[in-house]
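Each chain is listed here by its residues.
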Amino acid sequence: MQSCGFCAIVAGAPAFVVLDEADLLAFLDVRPVFKGHTLLVPREHVETLPDLPAELRDPFLEAVQRLATAMEGALGAQGSFVAVNNRVSQSVPHLHAHVIPRTKGDGLRGFLWPRHRYDDDEEAEAYATRLRDGLEAPPAS
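About the thresholds
- Note on numbering: residues in each chain are counted from 1, in written sequence order.
- Predicted model: local features are reported for residues with pLDDT of at least 70 only, side-chain atom pairs are reported and counted for 80 or more only, and whole-chain, interface and lining totals are derived from all residues.
- In computing side-chain values, all of the structure's heavy atoms are included and hydrogens and water are not.
- Strands here are runs of E lasting at least two residues and helices are runs of H or I lasting at least four, both read from the DSSP assignment and numbered beginning at the N terminus.
- One fewer than the residue count of a helix, multiplied by 1.5 Å, yields its expected span.
- A 1.4 Å probe rolled over the protein chains alone gives each residue an accessible area, and that area as a share of the maximum for its type sets the label: buried under 20%, exposed over 50%, partly exposed in between.
- Working rule for contacts: check all heavy atoms of both residues, and any pair within 4.5 Å makes them a contact.
- Whenever two N or O atoms come within 3.5 Å, that pair is a polar contact, provided that in protein one can donate a hydrogen and the other can accept it, and provided that, for residues adjacent in sequence, both atoms are side-chain atoms.
- Here a patch means residues that are over 30% exposed by relative accessible area and free of salt bridges, tied together within 9 Å if like-charged and within 5 Å if nonpolar (Val, Leu, Ile, Met, Phe, Trp, Tyr).
- Shrake-Rupley sampling with a 1.4 Å probe provides the accessible areas, and residues are treated as covered by the protein chains on show and by no other component.
- Salt bridges are counted wherever a side-chain nitrogen of Lys or Arg sits within 4 Å of a carboxyl oxygen of Asp or Glu.
- When charges are counted, Lys and Arg contribute as positive and Asp and Glu as negative, whereas His and the chain ends are disregarded.
- One atom stands in for each charge, and that atom is NZ of Lys, CZ of Arg, CG of Asp or CD of Glu.
- In these notes, a set of buried Ala, Val, Leu, Ile, Met, Phe, Trp, Tyr and Cys residues joined through side-chain atoms within 4.5 Å is what counts as a nonpolar core.

K.L.:
Mind showing me how you'd approach helix α2 (residues 54-75) here?
P.N.:
Think of an α-helix as 3.6 residues a turn; residues three or four steps apart then line up on the same face. In a regular helix each residue adds 1.5 Å, so 22 residues correspond to 32 Å; α2 covers 32 Å between its end C-alpha atoms and thus fits that length. Every buried residue belonging to α2 is among Leu56, Phe60, Ala63, Val64, Leu67, Ala68 and Met71, and all of these are buried. For α2, the secondary structure elements touched by its buried residues are β1 (17-20), β2 (24-28), β3 (38-42), β4 (79-84) and β5 (97-102). Of the residues one or two after α2, glycine 76 is the one with positive phi, at around 75°.

Written as structure tokens, this is what we have:
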């Protein structure tokens, strides 16, 4: 896709590459939460996680695992934060996983956004039911 910044990087635009494989590319985020913040993308233009072809699911997650491990071993982080946005808050419309090194007391709080409690157990159960029903429904085309 011509206007996709991540496709441009896949095609050879400058980036600080961390992982370079046949189907996947990882590079440092230009606006890191913490130094070492890495983005993993499929080389093929895929917009969201639900769009990721089945044959890339395991390699994608396996690469996320390796990057999370490298955050600790290579950077001395105590852990990592892994996130994938789908459409909302997705600044580049190309699937990417954020792998961010973490240390206790680094200042990153929670999931980066406010929490919203359910009004009661009935409301929570209604949401759980809707999601269970959605899992049983055939995927939208």
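K.L.:
Help me understand the side chain of histidine 37 in this model?
P.N.:
By secondary structure assignment, the location of histidine 37 is in the loop between β2 and β3. Residue classification places histidine 37 among the buried positions, given a relative accessible area of 3%. Side chain to side chain, histidine 37 and histidine 98 meet in a polar contact 2.8 Å long. Not counting chain neighbours up to four residues away, the residues in contact with histidine 37 comprise Phe27, Leu28, Asp29, Arg31, Pro32, His98, Val99, Ile100 and Pro101.

K.L.:
Sorry, what's going on with a negative patch on the surface here?
P.N.:
Residues Asp119, Asp120, Asp121 and Glu122 make up a contiguous surface patch of negative charge. Structurally, aspartate 120 can be placed in the loop between β5 and α3 (121-136). A relative accessible area of 37% places aspartate 120 in the partly exposed class.

K.L.:
How do you make sense of the nonpolar core when you look at a structure like this?
P.N.:
Proteins that are soluble and globular tend to have nonpolar side chains buried together. If you look at the biggest cluster of nonpolar residues, it comprises 17 residues, and the most contacted ones within it are Leu24, Leu40, Leu52, Phe60, Val64 and Val99. Contributing elements (two or more residues each) for this core: β2, α2 and β5. Ranked by the residues each element gives to this core, the list is headed by α2, at seven residues. Excluding residues that lie within four positions of it along the chain, leucine 40 makes contacts with Leu19, Leu24, Leu25, Ala26, Phe60, Ala63, Val64, Leu67, Leu95, His96 and Ala97. Counting ten residues, the second-largest nonpolar core is a separate cluster that includes Cys4, Ile9, Leu25 and Phe27.

K.L.:
Where do I start with the pattern of salt bridges in this structure?
P.N.:
One side chain can pair with another of opposite charge once the charged atoms of both are near each other. Taken as a whole and assessed by the stated rule, the structure comprises five salt bridges. The salt bridge partner of aspartate 106 is arginine 102, with a shortest N-O separation of 2.6 Å. The pair formed by aspartate 106 and arginine 102 is uniform in burial state, with each residue classed as buried. Among the ionic pairs, arginine 132 bridges to glutamate 125, the shortest N-O distance being 2.6 Å. What makes arginine 132 partly exposed here is its relative accessible area of 39%. The exposure class assigned to glutamate 125 is partly exposed, which follows from its relative accessible area of 41%. The structure contains a network of salt bridges with shared partners spanning Glu21, Glu62 and Arg66.

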